[in-house]
Every structure is written in C-alpha cells, then in structure tokens.
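Remarks on the overall topology
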Amino acid sequence: MQPAPPLADNSKDALILVEKARRRMANGSTLLAVTDASLRSRLTAYRRKNVDHWSFRHNATRRHAHAYFQYPAMMVPQMVGDLLDATIKSNKHRARVYDPFAGSGTALTEAMMRGLDFDGQDINPMAVLLCKAKVIPFFDVALNEKQLQIVAAAKSDRKCSIECNFVGRQKWFKPGVCLELSRVRRAIRSESSLWARRFFWIALAETVRLTSNSRTSTFKLHIRSQSDIDSRSSSPLAVFEQVAKRNVDLLRAQKIVLEEAGHLDRGRYLGTVNVNIANSVATSPVVGTKQRFDILVTSPPYGDNASTVPYGQHSYLPLQWIDLKDIDPAIDTTCLSTTHEIDHRSLGGSRKNTKAAVVSLRDRSAALSDTLDGLKDAPKDRTSRVVAFCRDLDKSLDPVIKAMRSDAVMIWILGNRRVGGKVVPLDRILSELLIDRGARAVTILKRDIPSKRMAVRNNVAATMRTESIVVLRKGLR
C-alpha cells in the first residue's frame, strides 16, 4: 500500500495534501470528484466568513435536549448542525445518519432537528439511556403532570429502606442522601409508561451526580474532602424536582422547534430513530442492502478511557440508582461490577495481545508507525496503551464501513492526545486506516475547543485543546 500523506495542521496545506491523495485513488471518478469538491467547498465556506468559525467560542450554548445531563466531552451542537447542513446539501435524497459512538446523543438531536433518520450505538448504558430519553414522545403537558406526581409520591414516602446496594455506597453517599434517592427511585418505578420513566431516570442521574460525595470538577470518581462532605447539605428530592422541571421546559422548547419544522405528528417524531447498546468493535446495525447509512457523524474517544476521559467511571454512580431493564432488558449487569468495568470494555480498555497487532497497524498507518518509533525509549506501557487503542479503533472500522452506503460521507471529530510526551496524531492515523479501506479524503478542518467540557484537573485531557474534523467518503469497492 502507498501510504497516505500526513494531514497538515494548516488548512490550506491539508487541502492540497488530501487532493493529491484523492488523485492517487484508482477508484476516483470525475463525477465523484465534483461531488467531493462541492462538499469541501460548503464546509470551508464557513471559514471564509469567519476564520475561527469551527471553534464556536461564543456560540456553543446547550439548549433543548442537549442540556438534560452533564455528560463528559460532549460535541458542540452548533458544530454538528453546520456539518450536517453542509453534508445534506451535497446529497440528493433523504439522509440516514449513523453514530457508532453515540455518547450523549448530540448527533441524534441535531439529526432530529433536520428531520433525518438516525441510528446509533454505544457501549455505555448511560449514553444509551440519554439517547433514548431524547426521542420519547414530546408530551410536555403529560410529563409536567407526571413530574408533579413523582415528586409528590417521593415526598409522601415514609419508607426507610435503601433502594440500591453496591460496594462503596457508604463512601459515595451520605445516609440521608441515600434515603431521598431511594424515595425518588421508587416514585419513578411506579410510573407506568416506559418512555416517561426514561425521561425521569435522566433527571435522577443528574441528581446523583450533584448530590454524591464525588467531586464534580473531574470525570473520574474522586472523593471530596471530609470537611467538604460534612459541610454539604443537599436534598436529592429538591434537586430532582428542580432538574425534572428544567428538563420538561427543555423538552417543551425542543418540541416547538420540531413542530415549526414539521417534524412531529401529534407529538411524535416522524423520522425513525434506533439506539442500541453495543460494542462498536464487533457490532454494526442490522441494515439491508438498500438501507445503509448516508452520513456518519461521530466523535470516538481520543484514547483509552482509563487515561483520557473515563466515560464509564463518570456514569458508574448514576447507573447504580437506575433500573437497567428500562434502558435495555439485555444489558449485562456485570458492566457495573467495578468502577472501571465499562471503560475496560471500551476502546483500548484491554492491553492483552497488543504485540500481534503492531505489524499490521504499522503497515497500514505511517503516522502510527512514526509514533511508535518515537515512543521506543518511553516506558512499555505507553506503547501498549497506544497500540491497544488503535487496534480496537481499527477493528471498529470494518463494521462502520459495512454499515455505510457506497460514497457515504464520514465525519470524524477527534483530538490528538499526548502519551509519553509525544503527540499521537489520531487524525492522521484514522485517515490512513480508512483510506486503506478505500475511503477518499475530502478535507480536514481544525478547531480549538475552548468550550468543550473537559476534565480540567486531568493532566492528560488538559493537553487536548484542539480537535480535527476529518471528512472522508466511503469508496465504491
């Protein structure tokens, strides 16, 4: 294989390099080249108006369903919206959007705002619940009444039993907090409608996040100081009531936007949305020959979750209080066996058998090969960490490619982390692995991430202050 050229940081240089790479592709055609140029022009037009457009320094407000819950490292909704708008204009038929790392559902919500069909998946049950809660019927009046009933039931509950039991519960929750969380949990479980329970489980999850003994300044589970714990006086019931009311208001605001755009029928979304819990390394949606996806918009982890953003660890405490059957009856409950289990199951979570993957990865990604050479004098765990993540990311690409139709647009939003003091050029690595599978590079957009909610106390995450928006098209083979 002839290696793809490095993707330059400078946008003009990047365009020149990807143009040269595309011209070398044997399966390119004049018609498709024009299509690529049209898409590239639409994407770069934003920067002609504002060179810093993609950073969204002063326009990254989270509204509507985007604001239900504070999930780690969420994509900027306005950025995803602009990417979808530019991409939709380059397609001549109704688009189906796919996100194999669905996370908090930013791509899902923005797809709905445009009346698009959406499929997504994630390995984290908390992410799947968030997504499913965002596509419930938009019955704001009914939800407001149910919110009042749930709060009233919790306030009148005089039971003293605790609804969940797990190792470390006493460490992470004060007795009074456990008591009130249990009363709210029982009240939610008494609600007969699954769609409504999912909505209120999100409010409870945010309540758990705000009332536990874990610090909210980091995504990892870090206990507050004893003096801080002793001085805090929080009522989960009061917090839940406030969050639930706010979320109903957010749903109502989104309902208005969707109704005005003609995307609702009697409160229900007209498009099709499917979100499942799945490991993207091995699983792709069940799609027919004529039902593959037109657009991929996703933001995979920047590296193994243990040393970058611990999505699973962040979700561990809220999931203890949620009825997992309401997310998906097939959920493997052992995912909560430890605080690290979800992250262990995610990309790069296991470092076993990394040596077997090195030769193949080096052959298909010059950028990764150079990175590993640069880490040869670093401790061995640094190399194994990079290889394990890239191995799993590489494995996830075949199911992704299989799910996309020929010539589909693929948009990957990712950052280049540091390991052992060396930058891991994930944007170049991913591009080379996809080009090796017949994809064509379209463009690379660079953005600062001043507003992305990163863990400021995490030294690793603190180094990732820029992102790359890598745009490719699936090949015809």
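Look a little higher up for the structure.
Heads up: these notes are all about the structure in this document. (Residues numbered from 1 in each chain as written. Predicted model: local features only at pLDDT ≥ 70, side-chain atom pairs only at ≥ 80, totals over all residues. Heavy atoms only, no water.)

**Here we look at the overall build of the chain**
Quick note on the threshold: Helix and strand assignments follow DSSP, with helices taken as H or I runs no shorter than four residues and strands as E runs no shorter than two, numbered in order from the N terminus. Relative accessible area decides the class of each residue, using a 1.4 Å probe on protein chains only: under 20% of the type maximum gives buried, over 50% gives exposed, and in between gives partly exposed. The contact definition used throughout considers only heavy atoms, calling two residues in contact when any of these lie within 4.5 Å. For accessible areas, the Shrake-Rupley method is used with a probe of radius 1.4 Å. Any residue's cover is judged against the shown protein chains and nothing else.
Scanning the chain from N- to C-terminus turns up 18 helices and eleven strands. Looking at the chain as a whole, 58% of its 477 residues are labelled buried. Here the contacts in the chain between residues at least 6 apart in sequence split such that 78% fall between residues at least 24 apart. Approximately 19,700 Å² of the chain is accessible, and the part contributed by carbon and sulfur atoms is 51%.

**Things to note about unusual backbone geometry**
You will see that His-64, though not glycine, has its phi angle at about 55°, which is positive. Structurally, His-64 can be placed in the loop between helix 2 (30-49) and helix 3 (77-88). Positive phi values are uncommon outside glycine, yet Asn-353 reaches one of about 60°. Among the secondary structure elements, Asn-353 is positioned in the loop between helix 13 (341-345) and helix 14 (355-364). Looking at Asn-353, the relative accessible area reads 64%, which means it is exposed.

**Some words on the pattern of salt bridges**
Let me state the cut-off plainly: A pairing counts as a salt bridge when a side-chain nitrogen of Lys or Arg comes within 4 Å of a carboxyl oxygen of Asp or Glu.
Here the structure, examined in full by the defined rule, presents 38 salt bridges. Arg-447 is paired through a salt bridge with Glu-467; the nearest N and O atoms lie 2.5 Å apart. One end of the pair, Arg-447, is in strand 10 (residues 440-448); the other, Glu-467, is in strand 11 (residues 466-473), and 20 residues separate them in sequence. Residue Arg-447 shares its accessibility class with Glu-467, and that shared class is buried. A single network of salt bridges, built from pairs that share partners, joins Asp-157, Glu-163, Arg-185, Arg-186, Arg-189, Asp-323 and Lys-325.

**A short note on a positive patch on the surface**
Going by this rule: Like-charged residues are merged into a patch within 9 Å and nonpolar side chains (Val, Leu, Ile, Met, Phe, Trp, Tyr) within 5 Å, provided each residue has over 30% relative accessible area and no salt bridge. Charge convention: Lys and Arg are scored as positive, Asp and Glu as negative, and His as well as the terminal groups of each chain are ignored. All charge positions are set by atom: Lys at NZ, Arg at CZ, Asp at CG, Glu at CD.
Together, Arg-42, Arg-48, Lys-49 and Lys-89 give the surface a local cluster of positive charge. In this fold, Arg-48 is placed in helix 2.

**Observations regarding empty space enclosed by the protein**
This is how it is decided: Grid spacing is 1 Å over the protein atoms alone, the probe is 1.4 Å, and a cavity is where that probe fits but cannot get out, while a pocket is an open set with protein on both sides within 12 Å along at least five of seven lines and lining residues have an atom within 4 Å of a point. Grid points are joined across faces, edges and corners, and a volume is the space filled by probe spheres set on the points.
By the definition in use, this model includes four cavities of 30 Å³ or more. The computed volume of the largest cavity comes to approximately 340 Å³. Considering the residues around the largest cavity, the lining is formed by 30 residues, among which Phe-101, Gly-103, Asp-122, Ser-299 and Pro-301 are closest to the centre. Secondary structure elements with two or more residues in the lining of the largest cavity: helix 12 (311-320) and helix 13. Its boundaries defined by the atoms lining it, the second largest cavity holds a volume of some 140 Å³. In terms of lining, the second largest cavity is formed by 15 residues, of which the most central are Arg-209, Ser-214, Arg-215, Leu-221 and His-314. Counting only elements with at least two residues in the lining of the second largest cavity, the list comes to helix 9 (194-211) and helix 12.

**Points about the sheet that holds strand 11**
Under the convention used in this document: Two strands pair if DSSP finds at least two bridges between them. For helices, the fitted axis covers only the stretch in contact; all axes are lines through C-alpha atoms, and the angles between them, taken along N-to-C directions, range from 0 to 180 degrees.
Strand order across the open sheet formed by seven strands is 5-2-1-6-7-11-10, with mixed pairing between neighbours. What marks the edges here is a single partner per strand, and that holds for strand 5 (273-277) and strand 10. Going across the sheet, the axis of each strand differs from the next one's by a mean of 15°, ignoring polarity. The sheet contact formed by strand 10 and strand 11 spans eight bridges and is antiparallel. The partner of Leu-445 across the bridge, within strand 11, is Ile-469.

**Side note on the side chain of Thr-106**
Which entries qualify depends on this criterion: Whenever two N or O atoms come within 3.5 Å, that pair is a polar contact, provided that in protein one can donate a hydrogen and the other can accept it, and provided that, for residues adjacent in sequence, both atoms are side-chain atoms.
Secondary-structure assignment places Thr-106 in helix 4 (residues 106-113). Polar side-chain contacts of Thr-106 include one of 3.5 Å to the side chain of Ser-104.

**Structural notes on the packing of helix 4 against helix 11 (residues 236-260)**
Two quantities define a packed helix pair, namely the angle between the axes and the distance from one axis to the other. Applied cut-off: Relative orientations are named as follows: roughly parallel for angles under 35 degrees, roughly antiparallel for angles over 145 degrees, roughly perpendicular for angles from 65 to 115 degrees, and oblique for any other angle. By the convention adopted, Pro, Cys, Tyr, Trp, Phe, Met, Ile, Leu, Val and Ala count as nonpolar, Lys, Arg, Asp and Glu as charged, and the other residues, Gly among them, as polar.
Contact geometry for helix 4 and helix 11: axes closest at 9 Å, N-to-C directions at 40°. The angle between helix 4 and helix 11 places the two elements in the oblique class. Across the interface between the two elements, Thr-109, Met-112 and Met-113 from helix 4 touch Gln-254, Val-257 and Leu-258 from helix 11. Looking at the contact of helix 4 with helix 11 residue by residue, the classes come out as four nonpolar, two polar and no charged.

**Describing helix 5 (residues 125-133)**
Buried residues dominate helix 5, accounting for nine of its nine residues. Within helix 5, burial applies to Pro-125, Met-126, Ala-127, Val-128, Leu-129, Leu-130, Cys-131, Lys-132 and Ala-133. For helix 5, the secondary structure elements touched by its buried residues are helix 4, strand 2 (117-122), helix 9, strand 5, helix 12 and helix 13.

**Observations concerning the nonpolar core**
Our working definition: Residues belong to a common nonpolar core when they are buried Ala, Val, Leu, Ile, Met, Phe, Trp, Tyr or Cys residues joined through side-chain atoms within 4.5 Å.
Counting 97 residues, the largest nonpolar core has Met-79, Met-126, Phe-173 and Phe-240 as its most contacted members. In terms of residue count, helix 9 provides more of this core than any other element does, ten residues in total. Every residue in contact with Phe-173, bar those within four places of it in the chain, is listed here: Phe-166, Cys-178, Leu-181, Val-208, Ser-212, Asn-213, Leu-317 and Trp-321.

**Section: the packing of aromatic side chains**
Quick reminder of the rule: The rule is short: rings of Phe, Tyr and Trp, with Trp giving its six-membered ring, pair when the centres are within 6.5 Å, and they are stacked under 30 degrees, edge-to-face over 60, tilted in between.
Summed over the entire model, instances satisfying the criterion amount to eleven aromatic pairs. Ring plane angle 85° and centroid distance 5.9 Å describe the contact between Phe-166 and Tyr-316, whose orientation is recorded as edge-to-face. Taken together, the residues Phe-166 in the loop between helix 6 (140-156) and helix 7 (169-172) and Tyr-316 in helix 12 connect sequence positions 150 residues apart. You'll find Phe-166 and Tyr-316 in the same group, each marked buried.

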